[in-house]
Amino acid sequence: MKNTDSKWILAYRHDDYYAPETVYDTQEQAFANLEYEDVKRETYQLWEYPHGGIFLISPDREVAKSKEWSLASSGEWAPKLVPVGIDVLKVTEAYRNFQL
């Protein structure tokens, strides 16, 4: 999923919906400051503009209790994308709102 023409929108879960928060040029930028425990709790989605892909960010492995708040950039774990669906209109609207 390393499409060079894509922009990546990090969306944060608020109760029963995900709200877009920040746009990144790469997945790596979006993942850099994510903490394991938040990702494990399904706190984030990554939306791909302009293709409309929506992905849940999940950890690729379990970590020791002492590492639960480690960052993705620590190398203790890595984010993986789990496809949720495609919604070109929703993702495009979110991206355009960041351009205002």
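Going by the structure above, here's the rest.
Cut-offs used in this document
- Residues numbered from 1 in each chain as written.
- Predicted model: local features only at pLDDT ≥ 70, side-chain atom pairs only at ≥ 80, totals over all residues.
- Heavy atoms only, no water.
- Pairing = 2+ DSSP bridges.
- Helix = DSSP H or I, 4+ residues; strand = E, 2+ residues; numbered from the N terminus.
- Axes fitted to C-alpha atoms, helices over the stretch in contact; angles between N-to-C directions.
- Phe/Tyr/Trp six-rings, centres within 6.5 Å; stacked < 30°, edge-to-face > 60°.
- Buried < 20%, exposed > 50% of the residue type's maximum accessible area, 1.4 Å probe, protein only.
- Salt bridge = Lys/Arg side-chain N within 4 Å of Asp/Glu carboxyl O.

> Explanation requested: the sheet that holds strand S4 (residues 53–59) in the structure shown.
In a beta sheet, neighbouring strands pair by backbone hydrogen bonds and run either parallel or antiparallel. Pairing within the open sheet is antiparallel, and its five strands lie in the order S2-S1-S3-S4-S5. The open sheet terminates on both sides in strands that have one partner only, identified here as strand S2 (17–24) and strand S5 (79–86). Adjacent strand axes in the sheet meet at a mean angle of 30 degrees when their direction is disregarded.

> Sorry, what's going on with the packing of aromatic side chains here?
Any pair of aromatic rings gets described here by the distance separating the centres and the angle formed by the planes. In total, this model carries three aromatic pairs according to the counting rule given. Both rings, one in Tyr-12 and one in Tyr-44, keep their centres 5.6 Å apart while their planes meet at 65 degrees; by these two values the pair is edge-to-face. On the criterion of sequence distance, the pair formed by Tyr-12 in strand S1 (residues 7–14) and Tyr-44 in strand S3 (residues 44–49) is long-range, its members being 32 residues apart. A relative accessible area of 30% places Tyr-12 in the partly exposed class. Taking the relative accessible area as the measure of exposure, Tyr-44 reaches 12% and is therefore buried. Between Tyr-36 and Trp-77 the ring centres are 5.7 Å apart and the planes differ by 70 degrees, which places this aromatic pair in the edge-to-face class. One end of the pair, Tyr-36, is in helix H2 (residues 36–40); the other, Trp-77, is in the loop between S4 and S5, with 41 residues separating them in the sequence.

> Would you mind going over the pattern of salt bridges with me for this structure?
Between side chains of opposite charge, pairing is possible as soon as their charged atoms come close. Counted under the stated rule, the structure contains five salt bridges. Residue Arg-61 pairs with Asp-60 through a salt bridge whose shortest N-O separation is 2.8 Å.

> So what exactly am I meant to see when it comes to unusual backbone geometry here?
For residues other than glycine, phi is negative in most cases, and the peptide bonds are mostly trans. Residue Tyr-49 is joined to Pro-50 through a cis peptide bond whose omega torsion reads 10 degrees. Mapped onto the elements, Pro-50 comes out in the loop between S3 and S4. A positive phi angle, close to 60 degrees, is found at Glu-42, a residue other than glycine. Secondary-structure assignment places Glu-42 in the loop between H2 and S3.

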